[in-house]
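If you want the building blocks of each chain, they are given just below.
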Amino acid sequence: MTHGLNPEPPKLEVVPNDELAALMQAVLAKGGRFRFQATGSSMRPFIREGDVLTVEPLAGPARLGEVVVCVQADGGRLMVHRVVRVGRTGWLTKGDQARQADGWVAQPVLVGRVVRVERQGQAAWAGLGRERVLIGWLSRWGWLVPMVGWAAALMKKIRRFS
């Protein structure tokens, strides 16, 4: 029951991954945007467990550094990873936290691109702007996680002296 201006928060439903994939594909096929809550840690530090992702249909080929949603061939599970290399016939994707790339994916496997990340109700920086190219390149060569660690350690030292 709601009273005045304090409505109850919407009830969250857990949808099996394959059903979520089918629902997302249907919404995106009609040109709509789709929002869902991220699970897993493969895209840390930019996307964290519990972040809310907004996905829109691909308008043209995926570009280096973009975070894309793929439907895996083995079971139809959704995967949200970054494009780390663009080839003639597909894209190489990889989780920002992963040591190895997923492998090459073709256009029909790509469902959409992540255009917004929200953390605790606020927009979160997720490397989706121009910096995505550098992030994609660093991730491809396995330098992203060490660089983020070094940057965090440096910022900690700077804050201590400020």
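Below is a summary of the structure that appears in this document. (Residues numbered from 1 in each chain as written. Predicted model: local features only at pLDDT ≥ 70, side-chain atom pairs only at ≥ 80, totals over all residues. Heavy atoms only, no water.)

1. What about the nonpolar core?
M24, F36, I47, L53, V69, V80 and V114 are the most contacted members of the largest nonpolar core, which has 25 residues in total. Looking at this core, the element that brings in the most residues is helix 1 (residues 17–29), giving four residues. Residues within four places of V80 in sequence aside, it is in contact with F36, S42, M43, I47, L53, V67, V68, V69 and V114. Judged by nonpolar contacts, the second largest core, of nine residues, contains L58, A62, V83 and V105. (Core = buried A, V, L, I, M, F, W, Y, C linked by side-chain atoms within 4.5 Å. Buried < 20%, exposed > 50% of the residue type's maximum accessible area, 1.4 Å probe, protein only. Helix = DSSP H or I, 4+ residues; strand = E, 2+ residues; numbered from the N terminus. Contact = heavy atoms within 4.5 Å.)

2. Comments concerning the packing of aromatic side chains
Following the criterion strictly, the structure yields three aromatic pairs and no others. Between the aromatic rings of F46 and W125, the centroid separation amounts to 5.3 Å while the plane-to-plane angle is 70°, which identifies the pairing as edge-to-face. Residue F46 is found in the loop between strand 1 (34–37) and strand 2 (52–57), and its partner W125 is found in the loop between strand 8 (122–123) and helix 2 (132–140); the two are separated by 79 residues along the sequence. Judged by centre distance (5.2 Å) and plane angle (70°), the rings of W137 and W143 are edge-to-face. Overall, the relative accessible area of 43% leaves W143 in the partly exposed class. (Phe/Tyr/Trp six-rings, centres within 6.5 Å; stacked < 30°, edge-to-face > 60°.)

3. Focus: the environment of R44
The residue R44 is located in the loop between strand 1 and strand 2 in this model. Sequence-distant contacts of R44, that is, excluding residues within four places in its chain, are made with D96 and Q97.

4. What about the pattern of salt bridges?
When the charged atoms of two side chains lie near each other, side chains of opposite charge can form a pair. Under the criterion given, the structure shown has seven salt bridges. Two residues, R33 and E56, come together in a salt bridge whose shortest N-O distance is 3.0 Å. Taken together, the positions of R33 in the loop between helix 1 and strand 1 and E56 in strand 2 put the pair 23 residues apart, joining distant regions of the chain. For R33, a relative accessible area of 54% corresponds to the exposed category. Its salt-bridge partner being E118, residue R116 comes within 3.2 Å of it at the nearest N-O pair. (Salt bridge = Lys/Arg side-chain N within 4 Å of Asp/Glu carboxyl O.)

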